[in-house]
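# Structural overview
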Amino acid sequence: MVTFIAILFIILAGRLVYFSIFKNGIYEKQVLSQQNYDSVTIPYKRGDILDRNGNTLATSRKLYNLVLEPQNILRTEDTRKEVVAALTKYMKIDKDDLMSYLKENKDSYYSVYKEDLTYNQVSGMKEYMDSDEGENIVGVVFAEKYEREYPNQSLAGHVIGFVSDNSGTGGIEQYYNSTLSGVDGRQYTYLNEELEQDTSVVDPENGKTVVSTIDSNIQKIAEQRLAAFEEEYGSKGSSILVMNPNNGEVYAMASSTSFNLEEPRNEENLLTKYTQSQIDKMSEDEKADAFNEIWRNPIVSNTFEPGSTFKPFTVAAGLEEGILDGDETFVCNGYEQIGSNRIHCSHRSGHGTITLSESISLSCNDAIMQIASKEGKDTFTKYQREFNFGSLTGIDLPGEASAASLLHSADEMQDVDLATSSFGQSFNCSMIQLASAFSSLINGGNYYQPHVVRQLQNDEGEVISNIEPTLVKQTVSKDTSDKLREYMQETVESGTGTRAQLDDYTVGGKTGTAEKIPRSAGTYIVSFCGFAPVEDPQVVVYVVIDEIQKGSQQNTGLAVEMARDVLKGSLEELKVAKSSNK
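The structure contained in this document is the topic of the report that follows. (Residues numbered from 1 in each chain as written. Predicted model: local features only at pLDDT ≥ 70, side-chain atom pairs only at ≥ 80, totals over all residues. Heavy atoms only, no water.)

## Quick notes on the nonpolar core
What counts is decided by this rule: Think of a nonpolar core as a cluster: buried Ala, Val, Leu, Ile, Met, Phe, Trp, Tyr and Cys residues, connected wherever their side-chain atoms sit within 4.5 Å. Buried residues are those whose accessible area, probed at 1.4 Å on protein chains only, stays under 20% of the maximum for their type, while exposed residues exceed 50% and partly exposed ones sit between those limits. The helix count covers DSSP runs of H or I at least four residues long, the strand count covers runs of E at least two residues long, and both are numbered beginning at the N terminus. Contact between two residues is taken to exist if any of their heavy atoms lie within 4.5 Å; hydrogens are not considered.
The biggest cluster of nonpolar side chains holds 88 residues, and the ones touching the most others in it are Leu241, Met253 and Phe389. Considering each element in turn, this core owes the most residues, eight residues, to helix α18 (residues 431-442). Discounting residues that sit within four places of it in the chain, Leu241 has contacts with Val250, Ala252, Met253, Ile299, Met431, Ile432, Ala435, Val540, Val541 and Tyr542. Val242, Leu502, Ala532 and Leu558 belong to the second largest nonpolar core, which has 31 residues in total.

Quick look at the structure:
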């Protein structure tokens, strides 16, 4: 028995010696080959945002962080000398500073030494490390990253939006965030079966490029004209919207509350809306609210009473239902008595006897109230909704306001509500709602969903998909549309919008003056929605000014003049043929 146990012991000892000596290297290779030695994220490139002509509105620039591994660099004297010599030669790093840093961080395997380096700053070192001469360099890593850039800084800021923590905030950056975003790649470094270092790379998937409908030159025209107005007159807030009435594409959105997309949280941005003394008194929470207000796109997110720019819609409803035929005349004595309420015309002394077209061109509240009374609440509210007031337009931007709760239903509408709603008071809308509805009024009756993106491309510039215009509904007949264009051309030629006339193009449009709530405050919003050429509208320009600071707040002419200038510049930019009858 003792002999048997001794034999087993000898066999066991032999096997242990065999595995520890002869098989140890094989098992070590198998185990180590299955273990990740290192893993580095390769960031994706966020997609670019371009204007309709291919000009860059937003892009991402690759930058590098110089990461050092002091413990590996200091492993041997030869390694240290070689790495330090290369870094001082190819990256112009001060040798003494580098040595001090390595010693202070001698136990670190990952230490960011320099951040946000450009390719030109790192290219020499990277090329050296990739060469046979620099193959022994260890402990030096260039971690890639991307920084969002906006070449035009504040241009079309509310349309573009900006990126915060690699996610879009506002505008296209937010609405198309998942499209612009990609998927990070990874680089794995490990020991293979021969115990040699090997690398495996999973490439990143870059984000898609978004081609917008914005025309940078038209956007600049609108912003420059708006800035000139603010400099001379000032306002509580002013905006300009430029659209293609035939497909819903937005050419420009400009607002007096602009901000620098490169530094959206810079307090200088607040100066477009607040004085320095007001900013100095703000708490941090108040500043945060103020920034959110600056970043808010008023054309999409703010609502207001549109005033007389709504009058063409009231007339259109009457024509479409056969309540009007175009030959009517009305007697304006300066007001309408609605129950106990006397509602005045803009022309207090009265316009006298006027035609249907003059109810628009002269902006007669009295005649418009008479028309709405003939239509009745059911017809009037039906067409408000037919033109999409009170509903979302579906524009591809975040934060759209519907103001649906402020629109009267036929059941709840009182006679006085019908009267005031007929000329654009007692209900709210946004600029994008009115301009989209207005476009259908002049283009033959086709209501298109407004949009700011027209195409998606991959990161090689190949087209993935075209975003075609979306025809939502037919609001009015071509005959009604033709009449309204004629009436609004009269507005510009002999009515309230004469300052909108252009030498080379026929122009139509409608002025608006809305008294704000509370009515007793005597504050006003003035506006003008114009289009050209009248015979074949190619551009709609809508200007809204909230509380003019210098002079009369009811000076609608200032909105008309701005719209005229932007119309002229837009038509020239788009190379629209001049009107033959000019």
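That was the structure; now back to the text.
## Focus: the pattern of salt bridges
Opposite charge on two side chains allows them to pair when their charged atoms are near. Just so we agree on the cut-off: Any carboxyl oxygen of Asp or Glu within 4 Å of a side-chain nitrogen of Lys or Arg constitutes a salt bridge here.
All told, the structure shown has 26 salt bridges when counted by the stated rule. Note that Asp48 is salt-bridged to Lys45, the shortest N-O span being 2.9 Å. In this structure, the salt-bridge partner of Glu249 is Arg52, at a minimum N-O distance of 3.0 Å. A residue pair is termed long-range when its members are at least 10 positions apart, and Glu249 in the loop between β11 (235-243) and β12 (250-255) and Arg52 in the loop between β2 (49-50) and β3 (56-68) qualify at 197 residues. By relative accessible area, which is 6% here, Glu249 ends up buried. Each of Lys236, Lys516, Asp546 and Glu547 takes part in one network of salt bridges that share partners.

## Description of the environment of Tyr447
Operational definition: N or O atoms within 3.5 Å of each other form a polar contact, as long as, within protein, one can give a hydrogen and the other can take it, and as long as residues adjacent in sequence are counted only when both atoms are side-chain atoms.
Take Tyr447: it is sitting in strand β17 (residues 446-448). With relative accessibility at 1%, the residue Tyr447 sits in the buried group. Ignoring sequence-local partners within four residues, the contact set of Tyr447 consists of Phe387, Asn388, Thr393, Ser436, Ala437, Ser440, Thr470, Leu471, Val472, Lys473 and Thr475. A distance of 3.3 Å separates the side chain of Tyr447 from the side chain of Asn388, its partner in a polar contact.

## What to know about the layout of surface pockets
Where we set the bar: Cavity means a closed set of points on a 1 Å grid over the protein atoms alone, one where a 1.4 Å probe fits but cannot get out, pocket means an open set with protein on both sides within 12 Å along at least 5 of 7 lines, and lining means a residue has an atom within 4 Å of a point. Grid points are joined across faces, edges and corners, and a volume is the space filled by probe spheres set on the points. Amino acids are sorted into nonpolar (Ala, Val, Leu, Ile, Met, Phe, Trp, Tyr, Cys and Pro), charged (Asp, Glu, Lys and Arg) and polar (every other residue, Gly among them).
What the second largest pocket holds in volume is close to 1000 Å³. Taken together, 44 residues line the second largest pocket, and the ones lying closest to its centre are Lys236, Gly237, Ser238, Ser256 and Thr257. Listing elements by their share of the lining of the second largest pocket, those giving two or more residues are α7 (157-160), α10 (216-232), β11, β12 and β23 (539-548). Here the element with the most residues in the lining of the second largest pocket is α10; it accounts for eight residues. Within the lining of the second largest pocket, the residues separate by chemical class into 15 nonpolar, 19 polar and ten charged.

## Some points on the sheet that holds β11
Heads up, the rule is: Paired strands are those between which DSSP finds at least two bridges. Every axis corresponds to a line fitted to the C-alpha atoms, with the helix fit spanning only the stretch in contact, and the corresponding angles, defined between N-to-C directions, vary from 0 to 180 degrees.
Spatially, five strands are ordered β12-β11-β23-β22-β21 in an open sheet, and the strand pairing comes out antiparallel. With partners counted over all chains shown, the strands left at the sheet margins are β12 and β21 (508-515), one partner each. Strand after strand, the sheet turns through a mean of 10 degrees between neighbouring axes, direction not considered. Relative to β23, strand β22 (residues 524-532) runs antiparallel, the two sharing eight bridges. When the sheet's bridge partners are listed, Cys529 is paired in β23 with Tyr542. Across the sheet, α10 lies against β11, β12 and β23, angled at about 25 degrees from β12, the strand it touches most. Strand contacts of helix α19 (residues 478-494): β21 and β22, with the helix running at about 75 degrees to β21, the strand carrying the most contacts.

## Describing the pairing of strand β18 (residues 453-457)
Look at any regular strand and the pattern is simple: side chains alternate between the two faces of the sheet. Of all five residues that make up β18, four are buried, and the element is covered over most of its length. With four bridges joining them, strand β10 (residues 209-212) and β18 adopt antiparallel strand pairing. Paired with Ser212 across the strands is Val453, a residue of β18. Relative to strand β19 (residues 463-466), β18 is paired through three bridges, and the arrangement is antiparallel. Counted as the bridge partner of Leu456 is Ser465 from β19.

## Examining α19
Rules: A helix is expected to reach a length of 1.5 Å times the quantity of its residues less one.
Given a rise of 1.5 Å per residue, 17 residues ought to cover 24 Å, and the 24 Å separating the end C-alpha atoms of α19 matches this to within 8%. Every buried residue belonging to α19 is among Thr480, Ser481, Leu484, Arg485, Tyr487, Met488, Gln489, Thr491 and Val492, and all of these are buried.

## What to know about helix α16 (residues 365-386)
Think of an α-helix as turning once every 3.6 residues; residues three or four places apart then point the same way. Rules: One fitted axis covers the seven residues ending at a residue, a second covers the seven starting there, and the bend at that residue is the angle between these axes.
For α16, which comprises 22 residues, the first-to-last C-alpha distance of 22 Å sits more than 12% below the rise-based estimate of 32 Å (1.5 Å per residue). Within α16, the axis deviates most sharply at Gly376, by approximately 105 degrees. Just downstream of α16, Asn388 is the residue with a positive phi angle, here 75 degrees.

## A word on a negative patch on the surface
Rule in force here: Only residues above 30% relative accessible area that lack a salt bridge enter a patch, with like-charged residues linked at up to 9 Å and the nonpolar side chains Val, Leu, Ile, Met, Phe, Trp and Tyr linked at up to 5 Å. For every accessible area listed, the method is Shrake-Rupley and the probe measures 1.4 Å; residues are considered covered only by the protein chains on display. Within this scheme the basic residues Lys and Arg register as positive and the acidic residues Asp and Glu register as negative, but His and the chain ends are omitted. Working definition for charges: the position is that of NZ of Lys, CZ of Arg, CG of Asp or CD of Glu.
Side chains of Glu205, Asp459, Glu460 and Glu462 sit close together on the surface and give a patch of like negative charge. With respect to the helices and strands, the residue Glu460 is situated in the loop between β18 and β19.

## Remarks on a nonpolar patch on the surface
Side chains of Tyr109, Tyr110 and Val112 sit close together on the surface and give an oily, nonpolar patch of about 340 Å² of accessible area. Looking at the element boundaries, Val112 is found in strand β4 (residues 111-117). Look at Val112 and you get partly exposed, because its relative accessible area is 34%.

## Re the packing of aromatic side chains
Rules: Between rings of Phe, Tyr and Trp, where Trp is taken as its six-membered ring, a pair exists when centres lie within 6.5 Å; planes separated by under 30 degrees are stacked, by over 60 edge-to-face, and by other angles tilted. For a Lys NZ or an Arg CZ to count as sitting over a ring, it must be within 6 Å of the ring centre and within 35 degrees of the ring normal.
Going through the model one piece at a time under the given rule, you end up with 16 aromatic pairs. With 5.0 Å between their ring centres and 65 degrees between their planes, Phe162 and Trp295 make a pair best called edge-to-face. Taken together, the residues Phe162 in strand β6 (residues 162-164) and Trp295 in helix α12 (residues 284-295) connect sequence positions 133 residues apart. Classification of Trp295 as buried rests on a relative accessible area of 17%. On the basis of an interplanar angle of 85 degrees and a centroid distance of 5.2 Å, the ring pair of Phe313 and Phe389 is categorised as edge-to-face. Here Phe313 is found in helix α14 (residues 311-320), whereas its partner Phe389 is found in the loop between α16 and α17 (415-422), with 76 residues between them in sequence. Judged by its relative accessible area of 1%, Phe313 is buried. The class for Phe389 is buried, based on a relative accessible area of 0%. One aromatic cluster is present, formed by Phe310, Phe313, Phe380, Phe387, Phe389 and Phe427 through successive ring pairs. A cation over a ring is seen here: Arg342 above Tyr335, with NZ or CZ 3.9 Å from the ring centre.

## Quick look at the side chain of Thr420
By the secondary structure assignment, Thr420 is in helix α17. Within the structure, Thr420 has its side chain in polar contact with the side chain of Ser426 (distance 3.1 Å). Setting aside anything within four residues of it in sequence, one finds Thr420 in contact with Ile343, Gln425 and Ser426.

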